[in-house]
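# Residue-level structural notes
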Amino acid sequence: MTRTDRPAGALQEAHIPVQAKLAAAWASFMFLYIYVDYLALYKPGFINDILAGVVHEFDTGPTFVALALTLMAIPILMILLSTTLPARVNRATNLVVATLYIPVSVYNAEGESWTYFYFYGLSIGLELLLLAFILRAAWTWPRTIRATAGRDPAQARV
């Protein structure tokens, strides 16, 4: 039996690749995104507006549903892309898409009554926290050290 400096029962930290963290964050974002839309159906008059062909102030024609699908498809695809794109492209893609989704998330409260401030405040706050996590994870993506001929790899610059 070997002795360690860690106290008995200490939990071992698992190394999770950045790609897995990003995919998990985008999946969490999508669950939140979908459930906010689903729970909004419980607001009085919301379904009547949908039946009348209006969501927020927009007519629910082909343009609306195509734009709505696009807004949903991008984060859905980011779950896959975060695990499959090469690191450099992956990092850039996550930085761009997460940045573009900040105003999209904030816009969801546009025109809502103060009665639902807590609902939209909480949902938008959580979405922004997830986007901030994505931005931080992508921004701080670990880099490899390039070894140069005749130099100690520990002294090589990044």
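Refer to the structure presented above.
Residues numbered from 1 in each chain as written. Predicted model: local features only at pLDDT ≥ 70, side-chain atom pairs only at ≥ 80, totals over all residues. Heavy atoms only, no water.

## Looking at the nonpolar core
- Membership of the largest hydrophobic core comes to 19 residues, with the highest contact counts inside it found for Trp-26, Leu-131 and Ile-134.
- Of all the secondary-structure elements, those providing two or more residues to this core are α1 (18-40), α3 (62-84), α4 (87-107) and α5 (117-139).
- If you tally residues by element for this core, the top one is α1, at seven residues.
- The contact partners of Trp-26, leaving out residues within four places of it in the chain, are Pro-75, Met-78, Ile-79, Ser-82, Asn-94, Val-97, Ala-98, Leu-131 and Ile-134. (Core = buried A, V, L, I, M, F, W, Y, C linked by side-chain atoms within 4.5 Å. Buried < 20%, exposed > 50% of the residue type's maximum accessible area, 1.4 Å probe, protein only. Helix = DSSP H or I, 4+ residues; strand = E, 2+ residues; numbered from the N terminus. Contact = heavy atoms within 4.5 Å.)

## Brief notes about the packing of aromatic side chains
- If you walk through the whole model with that rule in mind, you get seven aromatic pairs.
- On the basis of an interplanar angle of 80° and a centroid distance of 5.6 Å, the ring pair of Trp-26 and Phe-29 is categorised as edge-to-face. Taken as a pair, Trp-26 and Phe-29 lie in helix α1 at a separation of three residues, close to a single helical turn.
- The exposure class of Phe-29 is buried, given its relative accessible area of 0%.
- Here the aromatic rings of Phe-29 and Tyr-101 are separated by 6.0 Å at their centres, their planes lie at 90°, and the arrangement is edge-to-face. Of this pair, Phe-29 sits in helix α1 while Tyr-101 is found in helix α4, placing the two residues 72 residues apart along the sequence. (Phe/Tyr/Trp six-rings, centres within 6.5 Å; stacked < 30°, edge-to-face > 60°.)

## Some thoughts on α4
- Compared with an ideal rise of 1.5 Å per residue, which puts 21 residues at 30 Å, α4 spans 31 Å between its outermost C-alpha atoms and is within 8% of the ideal.
- Looking only at α4, the buried set comprises Asn-90, Asn-94, Leu-95, Val-97, Ala-98, Tyr-101 and Ser-105.
- Where the residues of α4 are buried, they touch α1, α3 and α5. (Expected span 1.5 Å × (residues − 1).)

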